[in-house]
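# Examination of the molecular architecture
Given next are the chains, with one letter for each unit.
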Amino acid sequence: MTLGLINANPVVHAKKERIARSEDSHAILDFALTNFVRDIRDPEHPYSLEQLSVLSEESITVDDKLGRILITFTPTVQHCSMATVIGLCLRVKLKHYFPPHYKVDIKVSPGSHADEESVNKQLNDKERVAAAMENPNLRQLVDECLYSDENEL
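Residues numbered from 1 in each chain as written. Predicted model: local features only at pLDDT ≥ 70, side-chain atom pairs only at ≥ 80, totals over all residues. Heavy atoms only, no water.

The protein chain is annotated in an unreviewed UniProt entry as MIP18 family-like domain-containing protein of Sphenostylis stenocarpa.

Here it is as structure tokens:
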């Protein structure tokens, strides 16, 4: 966790029950992916992205036929400096879940971040993502978010 909190008092929501809601294959795939990423810990707080409403089942779309995934997330504040870290966490976790031929787009929800265009560009540029993950401090932060004790359910 960082010392100077950007959002010192985030709204924390209860975790949702993990029950599939549809027999539709797209809905099942969306649900499975949601379950896979929902417990990623926020880089600033000891809560999951789901608990902070940064991520929800509705914010994940999988098109298995086209091999495309779209995840939109909503930072807790518009000037969140951790938005790129959250996006990196999502990208790293998805890298281990889907075959490499899937096209993954990760974006902040429209209007949810002051620097939306820049954050989206950075999160979807392979070279920038690779360079960021070579930074040992950033890699450690991402690993802490992905592999915290809370995530091991």
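Next comes the rest of the account.
Next up on the list: the sheet that holds strand 3 (residues 103–108). In space, the 3 strands of this open sheet follow the order 1-2-3, with mixed pairing throughout. The strands lining the two open edges of the sheet, one partner per strand, are strand 1 (60–63) and strand 3. Each strand of the sheet is rotated relative to its neighbour by a mean of 10 degrees, with strand direction disregarded. Taken together, the 4 bridges between strand 1 and strand 2 (residues 68–73) define a ladder with antiparallel strand orientation. (Pairing = 2+ DSSP bridges. Helix = DSSP H or I, 4+ residues; strand = E, 2+ residues; numbered from the N terminus. Axes fitted to C-alpha atoms, helices over the stretch in contact; angles between N-to-C directions.)

Taken as a whole and assessed by the stated rule, the structure comprises 5 salt bridges. Ionic pairing is found between Arg38 and Glu50, a salt bridge with its closest N-O pair at 3.0 Å. A residue pair is termed long-range when its members are at least 10 positions apart, and Arg38 in the loop between helix 1 (25–37) and strand 1 and Glu50 in the loop between helix 1 and strand 1 qualify at 12 residues. On the accessibility criterion, Glu50 (11% relative accessible area) is buried. The structure contains a network of salt bridges with shared partners spanning Arg68, Lys103 and Asp105. (Salt bridge = Lys/Arg side-chain N within 4 Å of Asp/Glu carboxyl O. Buried < 20%, exposed > 50% of the residue type's maximum accessible area, 1.4 Å probe, protein only.)

So, about the packing of helix 2 (residues 83–95) against helix 4 (residues 126–134). In contact at an axis separation of 11 Å, helix 2 and helix 4 are set at 95 degrees when each is read in the N-to-C sense. Overall, the two elements helix 2 and helix 4 adopt an arrangement that is roughly perpendicular. Contacts from Leu88, Arg91 and Val92 of helix 2 reach helix 4 at Val129, Ala132 and Met133. Residue composition of the contact of helix 2 with helix 4, grouped by class: 5 nonpolar, no polar and 1 charged. (Parallel < 35°, antiparallel > 145°, perpendicular 65-115°, else oblique. Contact = heavy atoms within 4.5 Å. Nonpolar A, V, L, I, M, F, W, Y, C, P; charged D, E, K, R; others polar.)

Turning next to unusual backbone geometry. Positive phi values are uncommon outside glycine, yet Ser53 reaches one of about 55 degrees. Among the structural elements, Ser53 can be located in the loop between helix 1 and strand 1. Classification of Ser53 as partly exposed rests on a relative accessible area of 38%.

This part is about the side chain of His113. Along the chain, the position of His113 falls in the loop between strand 3 and helix 3 (116–123). Of the polar contacts made by the side chain of His113, one reaches the backbone oxygen of Cys80; its length is 2.7 Å. One polar contact links the side chain of His113 to the main-chain amide nitrogen of Asp115, over a distance of 2.9 Å. (Polar contact = N/O pair within 3.5 Å; in protein donor to acceptor, adjacent residues only side chain to side chain.)

Following both chains from N to C, one finds helix 2 and helix 5 (residues 136–146) inclined at 70 degrees, their axes separated by 10 Å at the closest point. The angle between the axes of helix 2 and helix 5 places the two elements in the roughly perpendicular class. Along this stretch, helix 2 crosses helix 5, giving a crossing that reads as right-handed. Contacts from Val85, Leu88, Cys89, Val92 and Lys93 in helix 2 reach Leu138, Arg139, Leu141, Val142, Cys145 and Leu146 in helix 5. Split by residue class, the contact of helix 2 with helix 5 holds 9 nonpolar, no polar and 2 charged. (Left-handed = near helix turned anticlockwise from the far one by under 90°.)

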